[in-house]
Amino acid sequence: MLKFSFHNHTYYSDGENSPEEMIAAAGKAGYTHYAFTDHIYSEVFEDWTMDYRKYDEYVQRIEKIKKDCEGAIKIYTGIEADWYKNHATHFSRFEQLRPKLDFVVGAVHVLMPCNDIYLIDGSAAEYELCLHNGYAGDADAMAADYYETYLQMIEGLKPDLLAHVDIMRKNNLDGVYYDNNAPFIRQYRKQIAEAIKAYDLVTEINGGGNYRYKNDVWYPSDAMFEELLKCEVKMTVGLDAHSVDMLTSYYDASLLKLAKAGFKVIYYYEDGEWLPIKLNELI
Ligand SMILES: [Zn+2]
Ligand SMILES: [Zn+2]
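Numbering of residues begins from 1 in every chain and follows the order in which that chain's sequence is written. Chain letters and ligand numbers both follow the written order, the letters beginning at A and the numbers at 1. Local features are withheld for residues below a pLDDT of 70 in this predicted model, meaning they are given only at 70 or higher, and side-chain atom pairs are given and counted only at 80 or more; totals for whole chains, interfaces and linings count all residues. Only hydrogens and water are removed before side-chain values are computed, so all heavy atoms of the structure are retained for them.

(A) Structural detail: helix H4 (residues 124-135). Secondary structure is summarised from DSSP: a helix means a run of H or I of at least four residues, a strand means a run of E of at least two, and numbering begins at the N terminus for each. How far a helix is expected to stretch is found by multiplying one less than its residue total by 1.5 Å. The terminal C-alpha atoms of H4 lie 15 Å apart, and with 12 residues this matches the ideal 16 Å at 1.5 Å per residue to within 8%. Looking at the packing, one finds that the buried side of H4 touches strand S5 (110-111), strand S6 (118-119) and helix H5 (139-157). Two residues or fewer after H4 comes Ala 136, characterised by a positive phi angle close to 50 degrees. Residue contacts follow a heavy-atom distance rule, with two residues in contact if any of their heavy atoms lie within 4.5 Å.

(B) Spotlight on the coordination of the zinc ion (ligand 1). Around the zinc ion (ligand 1), the protein contributes the donor atoms Glu 80 (OE), His 109 (NE2) and His 164 (NE2), at 2.0 to 2.2 Å from the metal centre. Read from N- to C-terminus, the donor residues coordinating the zinc ion (ligand 1) fall into the pattern E-x28-H-x54-H. Distances up to 2.8 Å from the metal define which N, O and S atoms are donors, and 3.2 Å serves for Na, K and Ca; water is absent from the atom set, so sites may look incomplete. Here the zinc ion (ligand 2) and the zinc ion (ligand 1) are spaced 3.4 Å from one another, each receiving a donor from Glu 80. Of the two residues, Glu 80 sits in strand S3 (residues 74-82) while His 164 sits in the loop between strand S7 (161-162) and helix H6 (183-198), which places them 84 residues apart along the sequence. Per-residue accessibility, obtained with a 1.4 Å probe over protein chains only, is compared with the maximum for each type, and a residue is labelled buried under 20%, exposed over 50%, and partly exposed between these values. Taking relative accessible area as the criterion, His 164 reaches 1% and is therefore assigned buried.

(C) Inspection of the coordination of the zinc ion (ligand 2) at higher detail. Coordination of the zinc ion (ligand 2) by the protein comes from His 7 (NE2), His 9 (NE2), Glu 80 (OE) and Asp 240 (OD), over a distance range of 2.1 to 2.3 Å. Each donor residue of the zinc ion (ligand 2) belongs to the same chain, and together they define the spacing H-x1-H-x70-E-x159-D.

(D) Fine view of the nonpolar core. Nine residue types can take part in a nonpolar core, namely buried Ala, Val, Leu, Ile, Met, Phe, Trp, Tyr and Cys, and a core is a set of them joined through side-chain atoms within 4.5 Å. Grouped together as the largest cluster of nonpolar side chains are 96 residues, with contacts concentrated most on Phe 6, Ile 79 and Ile 266. Counting 6 residues, the second largest nonpolar core, distinct from the first, contains Phe 45, Trp 48, Tyr 84 and Val 110.

Next up, the structure:
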């Protein structure tokens, strides 16, 4: 039976385990397809991104693992590329690395109001700092900027996989800062689903949220799932595993969540293309 996760980390960025440990755990858990996608270098966030001086080592190490595992598991050398609004991936020396990769995950973790940089995939304190210093407390403007940046990333990067579409809501789960169903947010959800469809790209059910929040929080949200389903966007599983235990903890729950959201077919990446598989053949 097929089993896949196309978004996973190692200790080259903010994961806990080595590439070898991750792939050994993936093999043991029965994975058939697996992508390494560590965070691309950022000079602003060196604590959780890969050192660009290690790019070649990272690529070579995964190439060796591919050879060692040949036939057992399909492995892809990838990166999670962070998009900086109006700066593409300027900060991350992305262009020198992209030709050496099989796979690119596109993500937005950072907002850049007034050319300052703030992490939005962080703590509530970091969120507040961004809100007050960057947007003068205007949470609607901050949310709008996130979705605009995401749309820019879809068009500008056209990655193989789009990561955690609406991760912006993680610090606004109960709508403290802005209304998660405000008309402008609904409009952005629709626009994003339509853009993903228009470029024939793929997005993921992401394991990061449910891992942290014990199955209560999913990326995408139910409302985003609805739009993705309406637009017939291709979905896959990106566990966003940062440790070996995440490879076993949330895979089945992710499939069940996709089924519950109404998807009948999902997609897996093989030799350069996304292929469909019926969800009920995986569950
Ligand atoms: Zn991410
Ligand atoms: Zn990630």
